[in-house]
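Summary of structural features
Single-letter residue listing:
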Amino acid sequence: MVDDGKRRENKVRGLWYNRILYCLNQLKAGQSLLLTDVDNIFATYEPLAPFYDSGYDAIFALETKFPTYIFDTMGFVLCGGMTFLKSTNATVAVMEKLLDMCDTPEHPQRCDDQVEWNQMLAADMVWNSTWSREESRLTDGGMVQF
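Every value quoted in this text rests on a predicted model; they were computed, and no experiment measured them. (Residues numbered from 1 in each chain as written. Predicted model: local features only at pLDDT ≥ 70, side-chain atom pairs only at ≥ 80, totals over all residues. Heavy atoms only, no water.)

Let's talk about the state of the cysteines
Counted under the stated rule, the structure contains one disulfide. The disulfide partner of C102 is C111, and the S-S distance across this bridge is 2.1 Å. What sets the handedness of the C102 and C111 disulfide is the S-S torsion sign, and at about 75° it is right-handed. You'll find C102 and C111 in the same group, each marked buried. (Disulfide = S-S within 2.5 Å. Buried < 20%, exposed > 50% of the residue type's maximum accessible area, 1.4 Å probe, protein only.)

Listed below in structure tokens is the structure:
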């Protein structure tokens, strides 16, 4: 993982593929997940019950602007490295699609999950881009409500 160039990139992208595969298997086993990258810093305690009780199958943190071409179109991007995934049939179906997107003949079992999440959600969902660019998009708890 420390060498430069294509070999390192392939190892990292293989790691992201395996993270998606692991998460999918946990969701299929009935385990909901709080997925976070190792470089995420938790500054305050937040109980998980509100996530379970929110009525949403998935909750994402907002990314700053990567991938930029999707941010330019939608007005926001979702962070693949800070996600709550509830174990539901819908979440399993979305994760299976994400895993398929990360296993192509050109790039077997490799992907950048941040890019793939946003490409999939930008292509398959209708977002209110006007709303996404307004500061009022955040609620009192800092969670996007769409």
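Some points on a nonpolar patch on the surface
Residues L34, F42, L48 and Y52 make up a contiguous nonpolar surface patch of roughly 360 Å² in combined accessible area. Residue class for L48 comes out partly exposed when judged on its relative accessible area of 35%. (Patch = residues over 30% accessible without salt bridge, like charges linked within 9 Å, V, L, I, M, F, W, Y side chains within 5 Å. Areas by Shrake-Rupley, 256 points an atom, 1.4 Å probe, with all protein chains shown as cover. Salt bridge = Lys/Arg side-chain N within 4 Å of Asp/Glu carboxyl O.)

Description of the sheet that holds strand β3 (residues 77–85)
Taken together, three strands build an open sheet; the order of strands is β1-β3-β2 and the sheet is antiparallel. Every other strand in the sheet has two partners, leaving β1 (33–36) and β2 (58–63) as the edge strands with one partner each. Averaged over neighbouring strand pairs, the angle between their axes works out to 35° when direction is ignored. When β1 meets β3, the two strands line up antiparallel, connected through four bridges. Residue L34 lies in a different strand from β3, and its bridge partner there is F84. Sheet contacts for helix α5 (residues 113–124): β2 and β3; angle to β3, the most-contacted strand, approximately 95°. (Pairing = 2+ DSSP bridges. Helix = DSSP H or I, 4+ residues; strand = E, 2+ residues; numbered from the N terminus. Axes fitted to C-alpha atoms, helices over the stretch in contact; angles between N-to-C directions. Contact = heavy atoms within 4.5 Å.)

Focus on the pattern of salt bridges
This structure, assessed with the given rule, holds three salt bridges. Its salt-bridge partner being R19, residue D113 comes within 2.3 Å of it at the nearest N-O pair. Residue D113 is found in helix α5, and its partner R19 is found in helix α1 (residues 6–28); the two are separated by 94 residues along the sequence. Judged by relative accessible area, which is 5%, D113 ranks as buried.

Here's the deal with the packing of aromatic side chains
Centre-to-centre distance and the angle between the planes together describe a pair of aromatic rings. For the coordinates displayed, the defined rule picks out three aromatic pairs. Aromatic side chains F51 and F84 sit 5.3 Å apart centroid to centroid with 25° between the ring planes, which places their arrangement in the stacked category. Here the residue F51 occupies a position in helix α2 (residues 49–52), and F84 occupies one in strand β3, the gap between them amounting to 33 residues. There is no split in this pair, since F51 and F84 are both buried. When the centroid spacing of 5.2 Å and the interplanar angle of 80° are considered together, the rings of Y52 and F84 count as edge-to-face. Here Y52, found in helix α2, pairs with F84, found in strand β3; they are 32 residues apart in sequence, far enough to count as distant. Members of the aromatic cluster, each reached through a chain of ring pairs, are F51, Y52 and F84. (Phe/Tyr/Trp six-rings, centres within 6.5 Å; stacked < 30°, edge-to-face > 60°.)

Considering α5
Given a rise of 1.5 Å per residue, twelve residues ought to cover 16 Å, and the 16 Å separating the end C-alpha atoms of α5 matches this to within 8%. Residues of α5 that are buried include every one of D113, Q114, V115, E116, W117, N118, M120 and L121, and no others. You can read the cap of α5 off the contacts: a side-chain oxygen lies 3.1 Å from the backbone nitrogen of Q114, and it is on D112. (Expected span 1.5 Å × (residues − 1). Polar contact = N/O pair within 3.5 Å; in protein donor to acceptor, adjacent residues only side chain to side chain.)

Section: the side chain of D113
A distance of 2.3 Å separates polar atoms of two side chains, one belonging to D113 and the other to R19. With near-sequence residues (within four places) excluded, D113 lies in contact with W16, R19, I20 and G80.

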